[in-house]
Amino acid sequence: MISYTGIHKPYDIGEYSVERNAKVLQRYRFMHEGLLRVMAGQLPARGDWDLKLGLCRHMYENAEAANALRGRIPELRTSSAVLGKEPDAVLSLLIDELIHAENDLELTAGIYAVVKPALLETYRRHMATTQQIVDQPTLRILRTIVLDLEEQVTWGCELQRMLEDSGVFPAHEPFTDRLRSYIAAAGGIDSSLPKTTELPPRERSTEPYRLPLRSVRDPRTMGPVTWARTSMSNAPDDEMGRRVVATMRVRQEEMTACELVSGVLYSQRQMPWSFHRDLARHVWDEARHAMFGQAALEAEGYDWKKEPQYTSDYDVNEHKLPGAQYAWLSIGIEEGAMVSNGKKKEFEYFRDEAKHPLMQQFQDYDWADEVVHANLGRKWVPELLEEEIAFVREVAKKELDHFWSEVNKATEQWRASKAGNE
Ligand SMILES: [Fe+2]
Ligand SMILES: [Fe+2]
């Protein structure tokens, strides 16, 4: 269709006035920010490797969805002051309860079989029934979000079946049925259905959710957690082979950085929206780095899952102030990696010495990402600590000393026990 730039049904009257549209978009925004929060808080507590990676990616996609909606709402004669508000106490309850999922299956089913399908259905209806000319800017945003949601739901439902088939988790239905009842009590995600005056009570969320002090790896499918750098037990004997494999393994172990950043994101509710958006991206970047390592190891036949699983970034730092944690990672580690023997050297090693095209490509992008992360540190840690960057760098130095003393101690103990076993 050439006329109307290809927009269909140009004469149909739509379902949404400006006022109603702003109200429902505000609810959609809240749901994506709520899901981001749930995923950030739950990441360190969940064990399944694929679930962890998916949560990291979907934190980022939720943040991008919320960000686009945040741009649209103030265009609808609505003050941007509403962007910090919670639109419906029952939707807030839904998010509060979802974060109390107690195992991988409950969280997977809650997010991917209940909440996200409800969003998908709502957005499809919105797109079909809104006036197509007046609401084209919303349509464009929703179309992008729907593409992400479709992929997320397909992926999550497959993971849910896998977790159910493992037979280790109790039935998720008591939890997920309750989540469904909250959505119904709210009159649906968009409140288009009658709301109940019988407000559902809190079930698990009478206590606030707490981040775990130690991060989790699935003990059924993975080796034990460790604070030591253990590389691969069957790494090659020659120096280059050893270094290549050790670097792959260090990349794969970056999940622990995702957990640190997501813990900081979760705990700093008072920070501006752009902080949450930046950190959601930071989490996803570290998960991509973990997949660099996973892919490089698996391409060469290494069974990295059965090896000890490194959790130091999160575990050693978790009891510290969030500003100290983020200073340690973004300034101590990431800004530190910008020196001449840092990320650039790592990339050149794979290009010029190891001549390993896959790792060369991974390190090329790893380096690019770390430049971004060091900038995030310089942008946000001064605000988290209310101090100048010079003070932040001193904090980061002290945190690094403490961190390496813990990791080196663990690595020495691990080496000694390995030598004792041989
Ligand atoms: Fe990284
Ligand atoms: Fe990084």
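Residues numbered from 1 in each chain as written. Chains lettered and ligands numbered in written order. Predicted model: local features only at pLDDT ≥ 70, side-chain atom pairs only at ≥ 80, totals over all residues. Heavy atoms only, no water.

### As for the packing of helix α9 (residues 273–299) against helix α11 (residues 322–335)
In step 1: Two elements in contact, α9 and α11, have axes separated by 14 Å at closest approach and are oriented at 55 degrees. In terms of their interaxial angle, α9 and α11 are classed as oblique. Classified by chirality, the crossing of α11 by α9 is left-handed. Along the contact surface, α9 presents L279, H282 and E286, while α11 presents Y326, L329 and E334.
In step 2: The residue makeup of the contact of α9 with α11, split by class, is three nonpolar, one polar and two charged. (Axes fitted to C-alpha atoms, helices over the stretch in contact; angles between N-to-C directions. Helix = DSSP H or I, 4+ residues; strand = E, 2+ residues; numbered from the N terminus. Parallel < 35°, antiparallel > 145°, perpendicular 65-115°, else oblique. Left-handed = near helix turned anticlockwise from the far one by under 90°. Contact = heavy atoms within 4.5 Å. Nonpolar A, V, L, I, M, F, W, Y, C, P; charged D, E, K, R; others polar.)

### Re the coordination of the iron ion (ligand 1)
In step 1: Only E254 (OE), E286 (OE), H289 (ND1) and E370 (OE) from the protein coordinate the iron ion (ligand 1), and they sit 2.0 to 2.3 Å from it.
In step 2: Of note is the iron ion (ligand 1), whose four donor atoms meet at the metal with angles of 82 to 155 degrees in an arrangement that counts as irregular.
In step 3: Spacing between the donor residues of the iron ion (ligand 1) along their common chain follows E-x31-E-x2-H-x80-E.
In step 4: In this model, the iron ion (ligand 1) sits 3.4 Å from the iron ion (ligand 2), the two metals being bridged by E286. Of this pair, E254 sits in the loop between α7 (239–252) and α8 (255–267) while H289 sits in helix α9; the two residues are 35 residues apart in sequence, bridging distant segments of the chain.
In step 5: Residue class for E254 comes out buried when judged on its relative accessible area of 10%.
In step 6: By relative accessible area, which is 0% here, H289 ends up buried. (Donors = N, O, S within 2.8 Å, 3.2 Å for Na, K, Ca; no water. Tetrahedral: all angles 85-135°; square planar, octahedral: opposite > 155°, others 65-115°. Buried < 20%, exposed > 50% of the residue type's maximum accessible area, 1.4 Å probe, protein only.)

### A short note on the coordination of the iron ion (ligand 2)
In step 1: Around the iron ion (ligand 2), the protein supplies E286 (OE), E334 (OE), E370 (OE), E370 (OE) and H373 (ND1) as donor atoms, at distances of 1.9 to 2.6 Å.
In step 2: Residue classification places E334 among the buried residues on the basis of a relative accessible area of 2%.

### Quick notes on the packing of aromatic side chains
In step 1: Per the counting criterion, the structure on display carries 11 aromatic pairs.
In step 2: Plain terms: the ring middles of Y28 and Y123 are 4.6 Å apart, the flat faces sit at 55 degrees to each other, and that makes the pair tilted. Of this pair, Y28 sits in helix α1 (residues 18–42) while Y123 sits in helix α4 (residues 104–129), and the two are 95 residues apart along the sequence.
In step 3: Assessed through its relative accessible area of 0%, Y28 is described here as buried.
In step 4: Taken together through their ring pairs, the aromatic side chains of W328, F403 and W404 make up a single cluster.
In step 5: In this structure, R229 is placed above the aromatic ring of Y310, and the distance from its NZ or CZ to the ring centre is 3.9 Å.
In step 6: Positioned over the ring face of Y60 is R281, at 5.3 Å from the centre of the ring. (Phe/Tyr/Trp six-rings, centres within 6.5 Å; stacked < 30°, edge-to-face > 60°. Lys NZ or Arg CZ within 6 Å of the ring centre and 35° of its normal.)

### Here we look at the domain arrangement of the protein chain
In step 1: Domains assigned within the protein chain are domain 1 (3–185) and domain 2 (225–421).
In step 2: Between the C-alpha centres of domain 1 and domain 2 the distance comes to 30 Å.
In step 3: If you look at the interface, domain 1 gives 22 residues, while domain 2 gives 23 residues.
In step 4: Together domain 1 and domain 2 conceal approximately 2,100 Å² of surface at their shared face, both sides included; 69% is due to carbon and sulfur atoms.
In step 5: At the junction of domain 1 and domain 2, the tally comes to three salt bridges.
In step 6: Where E86 meets R269, a salt bridge forms, and the shortest distance between an N and an O atom there is 3.4 Å.
In step 7: In this assembly, domain 1 and domain 2 are joined by seven residue pairs in polar contact (both at pLDDT 80 or more). (Domains from an automatic or database assignment. Buried area = accessible area lost by both parts, 1.4 Å probe. Salt bridge = Lys/Arg side-chain N within 4 Å of Asp/Glu carboxyl O. Polar contact = N/O pair within 3.5 Å; in protein donor to acceptor, adjacent residues only side chain to side chain.)

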